[in-house]
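Chain residues, written in single-letter form:
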Amino acid sequence: MIAFEHVTKDYHVKGVHKRILEDASYQFAEGKNIALMGHNGVGKSTMMRMIAGIEAPTSGAVKCTEKVSWPMGFSKGFNGLMTGVENVRFVARVYGCDTEQVLAQVQEFAELGPSLDLPIETYSSGMKARLAFGLSLAIRFECYLVDEITAVGDQRFRKKSEHALRERIEASRVVMISHSERTIREFCDEGVLAYGGKLYHYDDLNALIADYKRFC
């Protein structure tokens, strides 16, 4: 179960106040692959981070009884002074996984070669995203959080990422942010539209996409 209960989320940056959600309640349907749509800047990535426990709401509660991934491609949790290998082993230990098995899967998927032995601070943003995506796939979660990450890399790597994600959600599920109709239709069963500080549920993806185009 993943649910927002009367969640308000505010940001105060350089004297500017921005409200992402205002007393919003929403329960993500269990066992369903959910699309999260809305215009740029509405706070979709912030909502993902709240589901993952990376950020807290200003008020209200985000409840999660599932084992959820961090947003796939989210690399800010890496220690920049540690190498890719060291970061992978550390995360694997935190989740109680076989460190060498996880490392082998990340090496195969991320295709970073010798760069895995270099400090993360030397990585480009794309390299960090590949590492984070590969690490997410190497650890089994009940729900994968995906924030447009299949756009990382060249066309071959994007196809590889989409194929790997399909395999994972055969036994798990996904909450996905995407502006791509094709991606939403391929991966998701139903969706939610973030608009005006509220969350609106859609059983019908066609209706979701139509309102997304209309309002966003």
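Now for a description of the structure that goes with this document. (Residues numbered from 1 in each chain as written. Predicted model: local features only at pLDDT ≥ 70, side-chain atom pairs only at ≥ 80, totals over all residues. Heavy atoms only, no water.)

Brief notes about the layout of surface pockets
Rolled over the atoms, a probe sized like a water molecule indicates the empty space that remains.
At step 1: Taken as a whole, the largest pocket holds about 280 Å³ of empty space.
At step 2: Taken together, 14 residues line the largest pocket, and the ones lying closest to its centre are Trp70, Phe74, Gly77, Phe78 and Val91.
At step 3: It is helix α2 (residues 84-94) that provides the largest number of residues to the lining of the largest pocket, a total of four residues.
At step 4: Class assignment for the residues of the lining of the largest pocket results in ten nonpolar, four polar and no charged.
At step 5: Of the pockets and cavities examined, the second largest pocket occupies roughly 170 Å³.
At step 6: Lining the second largest pocket are Ala104, Gln105, Glu108, Phe109, Gly134, Leu137, Ala138, Lys160, Ala164, Glu167 and Arg168.
At step 7: Sorting the residues of the lining of the second largest pocket by element identifies α3 (99-110), α4 (125-138) and α5 (155-168) as the ones contributing at least two each.
At step 8: Residues belonging to the lining of the second largest pocket are distributed by class as follows: five nonpolar, two polar and four charged. (1 Å grid on protein atoms, 1.4 Å probe; cavity = no way out; pocket = protein on both sides within 12 Å on 5 of 7 lines; lining within 4 Å. Points joined across faces, edges and corners; volume = space filled by probe spheres on them. Helix = DSSP H or I, 4+ residues; strand = E, 2+ residues; numbered from the N terminus. Nonpolar A, V, L, I, M, F, W, Y, C, P; charged D, E, K, R; others polar.)

Details of α4
Side chains three or four residues apart in an α-helix point the same way, a direct result of the helix having 3.6 residues per turn.
At step 1: Between the first and last C-alpha of α4 there are 20 Å, a value that for 14 residues agrees with the 20 Å anticipated at 1.5 Å per step.
At step 2: Looking only at α4, the buried set comprises Ala129, Arg130, Leu131, Ala132, Phe133, Gly134, Leu135, Ser136, Leu137 and Ala138.
At step 3: On the buried face of α4, the contacting elements are α2, α3, β5 (143-147) and α5. (Expected span 1.5 Å × (residues − 1). Buried < 20%, exposed > 50% of the residue type's maximum accessible area, 1.4 Å probe, protein only. Contact = heavy atoms within 4.5 Å.)

A word on helix α1 (residues 44-52)
At step 1: Within α1, seven of the nine residues are buried, which leaves the element mostly enclosed by the surrounding structure.
At step 2: Listed as buried for α1 are Lys44, Thr46, Met47, Met48, Arg49, Met50 and Ile51.
At step 3: A positive backbone phi angle near 85° is found at Gly53, which sits one or two residues after α1.

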